[in-house]
Amino acid sequence: MLNPYFAFGVPLFLIVLYIIFAFIRNKSHIRYIGFVLLLIATFMVAFSFQVLQGYWTIERNHPLSYSPNLLWLPLLLGAVLAIVNIWRGVKRLRSFKEDSTN
């Protein structure tokens, strides 16, 4: 799990996937794409946290070919993206509520 191709390749793939779906979201009127973006971001957070837990478990016995501090970058990026998408979802729910009361 601490192989650099796996530890950074999966988050990189998820970022590319996120960018593709964000582009689709901007170009279309499909309503559930925001939820897909939230799922991608939360999966990146969960995966990155699992990689960090793997590092914390075997850090004394396993030398890494990269700085362990780099493992925090995908976790933080995923957390920021998840918070942004949660905020968008809350705003959307508020707009639905305002539309239904008018």
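Preceding this paragraph is the structure being described.
Residues numbered from 1 in each chain as written. Predicted model: local features only at pLDDT ≥ 70, side-chain atom pairs only at ≥ 80, totals over all residues. Heavy atoms only, no water.

Lay out the side chain of Asn85 with the relevant residues and their values.
Among the structural elements, Asn85 can be located in helix 3 (residues 72-101). Here Asn85 falls in the buried class, since its relative accessible area comes to 5%. The contacts of Asn85, once residues within four sequence positions are left out, are Tyr18, Gly34, Leu37, Leu38 and Ala41. (Helix = DSSP H or I, 4+ residues; strand = E, 2+ residues; numbered from the N terminus. Buried < 20%, exposed > 50% of the residue type's maximum accessible area, 1.4 Å probe, protein only. Contact = heavy atoms within 4.5 Å.)

I'd like to hear about helix 1 (residues 4-27), residue by residue, with values.
Its 24 residues give helix 1 an end-to-end C-alpha distance of 34 Å, which sits within 8% of 34 Å, the value for a rise of 1.5 Å per residue. For helix 1, the complete set of buried residues consists of Ala7, Pro11, Leu14 and Tyr18. Here the buried face of helix 1 lies against helix 2 (33-58) and helix 3. (Expected span 1.5 Å × (residues − 1).)

Which residues make up the packing of aromatic side chains, and what are the values?
Across all of its chains, the model carries four aromatic pairs by this definition. Ring centres of Phe6 and Phe47 lie 5.3 Å apart, and the angle between their planes is 75 degrees; on these two criteria the pair is classed as edge-to-face. Of this pair, Phe6 sits in helix 1 while Phe47 sits in helix 2; the two residues are 41 residues apart in sequence, bridging distant segments of the chain. On the basis of an interplanar angle of 80 degrees and a centroid distance of 6.1 Å, the ring pair of Phe49 and Trp56 is categorised as edge-to-face. Residue classification places Phe49 among the partly exposed residues on the basis of a relative accessible area of 38%. Feature note: the residues Phe49, Trp56 and Trp72 constitute an aromatic cluster, connected by ring pairs. (Phe/Tyr/Trp six-rings, centres within 6.5 Å; stacked < 30°, edge-to-face > 60°.)

Quick one: what's the story with the nonpolar core, residue by residue and with numbers?
Grouped together as the largest cluster of nonpolar side chains are eleven residues: Leu14, Tyr18, Ile33, Val36, Leu37, Leu38, Ile40, Ala41, Met44, Leu81 and Ala82. Among the secondary structure elements, those contributing two or more residues to this core are helix 1, helix 2 and helix 3. Per-element tally for this core: the top contributor is helix 2, with seven residues. The residues contacting Ile33, other than those within four sequence positions of it, are Phe21, Ile24 and Arg25. Phe47, Tyr55, Tyr66 and Leu75 belong to the second-largest nonpolar core, a separate cluster that totals nine residues. (Core = buried A, V, L, I, M, F, W, Y, C linked by side-chain atoms within 4.5 Å.)

How would you summarise the packing of helix 1 against helix 3 if you had to cite specific residues and measurements?
As a packed pair, helix 1 and helix 3 sit with axes 11 Å apart at the nearest point and diverge in direction by 25 degrees. Regarding the angle of helix 1 to helix 3, the classification is roughly parallel. Between helix 1 and helix 3 lies a crossing of left-handed hand. Across the interface between the two elements, Phe8, Pro11, Ile15, Tyr18 and Arg25 from helix 1 touch Pro74, Leu77, Leu81, Asn85 and Arg88 from helix 3. Of the residues contributing to the contact of helix 1 with helix 3, the split by class is seven nonpolar, one polar and two charged. (Axes fitted to C-alpha atoms, helices over the stretch in contact; angles between N-to-C directions. Parallel < 35°, antiparallel > 145°, perpendicular 65-115°, else oblique. Left-handed = near helix turned anticlockwise from the far one by under 90°. Nonpolar A, V, L, I, M, F, W, Y, C, P; charged D, E, K, R; others polar.)

Limitation: the analysis is restricted to geometry and does not speak to function.
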